[in-house]
Amino acid sequence: MTSLLLPALQSPTGPAATREAVRFGDLSLTYGRLAEASAALAARIADAGRVAVWATPTAETVLAVVAALRAGIPAVPLNPRTGESELAHILADSAPTAVLAGPGDALPPALAELRRVTVDAGAAATAEAAEGHEGGEARPETPALIVYTSGTTGPPKGAVLPRRAIAASLDALEDAWGWTGDDVLVHALPLFHVHGLILGVLGPLRRGGSVRHLGKFSPDGVVRELGSGGTMLFGVPTMYHRLAELLDGRGRTSPAGGPVPDASGTSADALAAALAGARLLVSGSAALPVHDHERIAAATGRRVIERYGMTETLMNTGIRADGAPRPGTVGPPLAGVELRLVEDDGTVLDAPGAIGEIQVRGPNLFTGYLNRPDATAAALTADGYFRTGDVGTVDEDGYVTLVGRKATDLIKSGGYKIGAGEIENALLAHPGVREAAVTGEADPDLGERVVAWVVASAPDSPPSAEELADHVAAQLAPHKRPRTVRYLDALPRNDLGKIMKRSLRA
């Protein structure tokens, strides 16, 4: 592990200086330009103590975060869609002294008291070299980012991520994926969380490679960038589901006689060729349904691989580029990560296939929750493992399969432990189901009963509850069949495309 977090930005010269670092649409910054602009911005904020970053999907966000890292001060990425009360809580808790934002960003009143530092990536792309920040590299335990959790069980908590954790996770992924400076990453993820910002931006920059951000996800953007040099694609299940839906049109013809396009005009054949040419297709932030895995593989010959991480732990497991794909699993633990399953009473489970809460330990862990020693203590075991709250299984080869969140996806029914994920995959394999979610509901006889929430492929003629229950029972086991089926027009999802099961229950 290099002692520098972003070594490629330390005075790049020659060919390294002219290599593209980031691209957003028509705006491109080379390593030379990004190094100069971030050093100049770092000099302006070096005494800020802690800064907020208005994290739009733009080059300004990249420049702001990189400058904060080079200045050795923590950055707090802010989701521009955060509501007033939640934003006020985050600002009061993290106490930044300045906010970094693009020249055209309209900031909410809650940020009015902070010093505004305008970040203009367009000007940086053409500016003359400016005097920059000369500070040395911060220590490994220095906080790099404070990323706020979703706050599903209370106000959001700020996870303090040290430079050590970011470097450890990105280097473990380098090992797992053969990630090099020759890779060009394509993605369209938000830049206020771990997946889009740390993996999707700092990952390529740590390797000396390139990132092309689409601004907004679209199949035509994926085709364009993968077809013009992109080697890796990062996405979330909703994105890959859209790609799988379009790929289903491959081989079919439109009334005009050509390949079936989607609304953007992208044909299934063009998409299949672009995905087939990528070195790595990676999905994360939620489980990718097996049905979508299979559709993409059938059309492209390329398997999507998954990894598993959290805000507090960064990356824990991942399918290796040179390993077996195994759809439905998130791979073995990454280098340096210790992973175990435990029963409710803390008993460690060793038997393959046993279902238990996932706990992890390693250099990838956060320092703690900002201003919350109580929450930090509750999240860690006496021997230093982080209690993820996720439930899973581990097979004989160490591959982890996620069952879901302990609070929402583990259903205890009739004496059985049932994982919502496998039922969701079974439902999605039914041709009459477009989307599906599974939860538990109190039942006087079973303890909990399995409830399926279904978006039908044909809303006017959805499959009956009995048909779906029989389908699941035939695919899995009778005790896993849904006892109740509720039909919806759409499932509630957050910014990452994760289904908000607490909203379903409410």
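Residues numbered from 1 in each chain as written. Predicted model: local features only at pLDDT ≥ 70, side-chain atom pairs only at ≥ 80, totals over all residues. Heavy atoms only, no water.

With that out of the way, let us pick up the overall build of the protein. Within the protein one finds 15 helices and 25 strands. Taken over the C-alpha trace, the protein has a radius of gyration of 23 Å; the compact-globule value for 506 residues is 23 Å, and the two agree within 12%. Seen through its principal axes, the protein has C-alpha atoms that stretch 70 × 65 × 45 Å. Classification of the 506 residues of the protein by burial places 55% in the buried group. Summed over all atoms, the accessible surface of the protein reaches about 20,500 Å², with 51% contributed by carbon and sulfur. The average position of the 47 basic charges and that of the 58 acidic charges among the side chains of the protein differ by 1 Å. (Helix = DSSP H or I, 4+ residues; strand = E, 2+ residues; numbered from the N terminus. Rg over C-alpha atoms; globule rule 2.2 N^0.38 Å. Buried < 20%, exposed > 50% of the residue type's maximum accessible area, 1.4 Å probe, protein only. Areas by Shrake-Rupley, 256 points an atom, 1.4 Å probe, with all protein chains shown as cover. Lys, Arg positive; Asp, Glu negative; His and termini not counted. Charge placed at Lys NZ, Arg CZ, Asp CG, Glu CD.)

For the rest of this paragraph, the subject is the layout of surface pockets. Quantified by volume, the second largest pocket comes out at close to 520 Å³. What lines the second largest pocket is a set of 24 residues, and nearest its centre among them are Arg81, Ala188, Pro190, Met239 and Asp495. Per-element tally for the lining of the second largest pocket: the top contributor is helix α9 (residues 237-247), with three residues. Each residue belonging to the lining of the second largest pocket can be placed in one class, and the counts come to 12 nonpolar, seven polar and five charged. (1 Å grid on protein atoms, 1.4 Å probe; cavity = no way out; pocket = protein on both sides within 12 Å on 5 of 7 lines; lining within 4 Å. Points joined across faces, edges and corners; volume = space filled by probe spheres on them. Nonpolar A, V, L, I, M, F, W, Y, C, P; charged D, E, K, R; others polar.)

Another point: the packing of aromatic side chains. Using the criterion set out here, one finds five aromatic pairs in the structure. Considering the side-chain rings of phenylalanine 366 and phenylalanine 386, the 5.5 Å spacing of their centres and the 80° angle between planes classify their relative orientation as edge-to-face. Of the two residues, phenylalanine 366 is situated in the loop between β17 (356-361) and β18 (368-369) and phenylalanine 386 in strand β19 (residues 386-394); the sequence distance between them amounts to 20 residues. On the accessibility criterion, phenylalanine 366 (5% relative accessible area) is buried. Each residue in the set Trp177, Trp179 and Phe234 is aromatic and connected to the rest through ring pairs, giving one cluster. The side chain of lysine 157 reaches across the aromatic face of tyrosine 369, ending 5.0 Å from its centre. (Phe/Tyr/Trp six-rings, centres within 6.5 Å; stacked < 30°, edge-to-face > 60°. Lys NZ or Arg CZ within 6 Å of the ring centre and 35° of its normal.)

Looking now at the nonpolar core. Ile45, Trp177, Ile198 and Leu205 are the most contacted members of the largest nonpolar core, which has 109 residues in total. Ala420, Leu428, Val433 and Leu468 belong to the second-largest nonpolar core, a separate cluster that totals 16 residues. (Core = buried A, V, L, I, M, F, W, Y, C linked by side-chain atoms within 4.5 Å.)

To continue, consider the side chain of threonine 317. If you trace the backbone, threonine 317 turns up in strand β14 (residues 314-318). For threonine 317, a relative accessible area of 0% corresponds to the buried category. Beyond its immediate sequence surroundings of up to four residues, threonine 317 is in contact with Arg307, Tyr308, Val330, Gly331, Pro332, Pro333, Leu334, Leu339 and Val400. (Contact = heavy atoms within 4.5 Å.)

Of note in the backbone geometry, serine 11 takes a positive phi value of approximately 50° without being a glycine. You can see serine 11 is positioned in the segment before α1 (15-18). Not every positive phi belongs to a glycine, and alanine 95 is a case in point at roughly 50°. Inspection of the secondary structure puts alanine 95 in the loop between α4 (84-94) and β5 (98-101). For alanine 95, a relative accessible area of 46% gives the class partly exposed.

With that settled, consider helix α11 (residues 290-300). For α11, the full list of buried residues reads Asp292, His293, Arg295, Ile296, Ala297, Ala299 and Thr300. For α11, the secondary structure elements touched by its buried residues are α9, α10 (268-276) and β13 (304-310). Looking one or two places after α11, you find glycine 301, whose phi comes out positive at around 75°.

Attention shifts here to the sheet that holds β14. Sheet architecture is open: eight strands sit in the order β2-β1-β10-β9-β11-β12-β13-β14, paired in mixed fashion. Looking along the sheet, the strands with just one partner apiece sit at the ends: β2 (27-30) and β14. Ignoring strand direction, the axes of neighbouring strands in this sheet form an average angle of 25°. In terms of strand pairing, strand β9 (residues 184-187) meets strand β10 (residues 210-213) through four bridges, oriented parallel. Within the sheet, the bridge partner assigned to leucine 185 lies in β10 and is valine 211. Each of β11 (232-235), β12 (280-283), β13 and β14 is contacted by helix α6 (residues 163-177), which is oriented at about 20° to β14, the strand it contacts most. (Pairing = 2+ DSSP bridges. Axes fitted to C-alpha atoms, helices over the stretch in contact; angles between N-to-C directions.)

On to helix α3 (residues 59-71). Taking 1.5 Å of rise per residue, 13 residues should cover 18 Å, and α3 covers 18 Å from first to last C-alpha, within 8% of that figure. Looking one or two places after α3, you find glycine 72, whose phi comes out positive at around 75°. (Expected span 1.5 Å × (residues − 1).)

Our focus in this paragraph is the side chain of threonine 393. Residue placement: threonine 393 occurs in strand β19. Excluding residues within four positions of it along the chain, threonine 393 makes contact with Leu341, Gly353, Ala354, Ile355, Tyr399, Val400, Thr401 and Val403.

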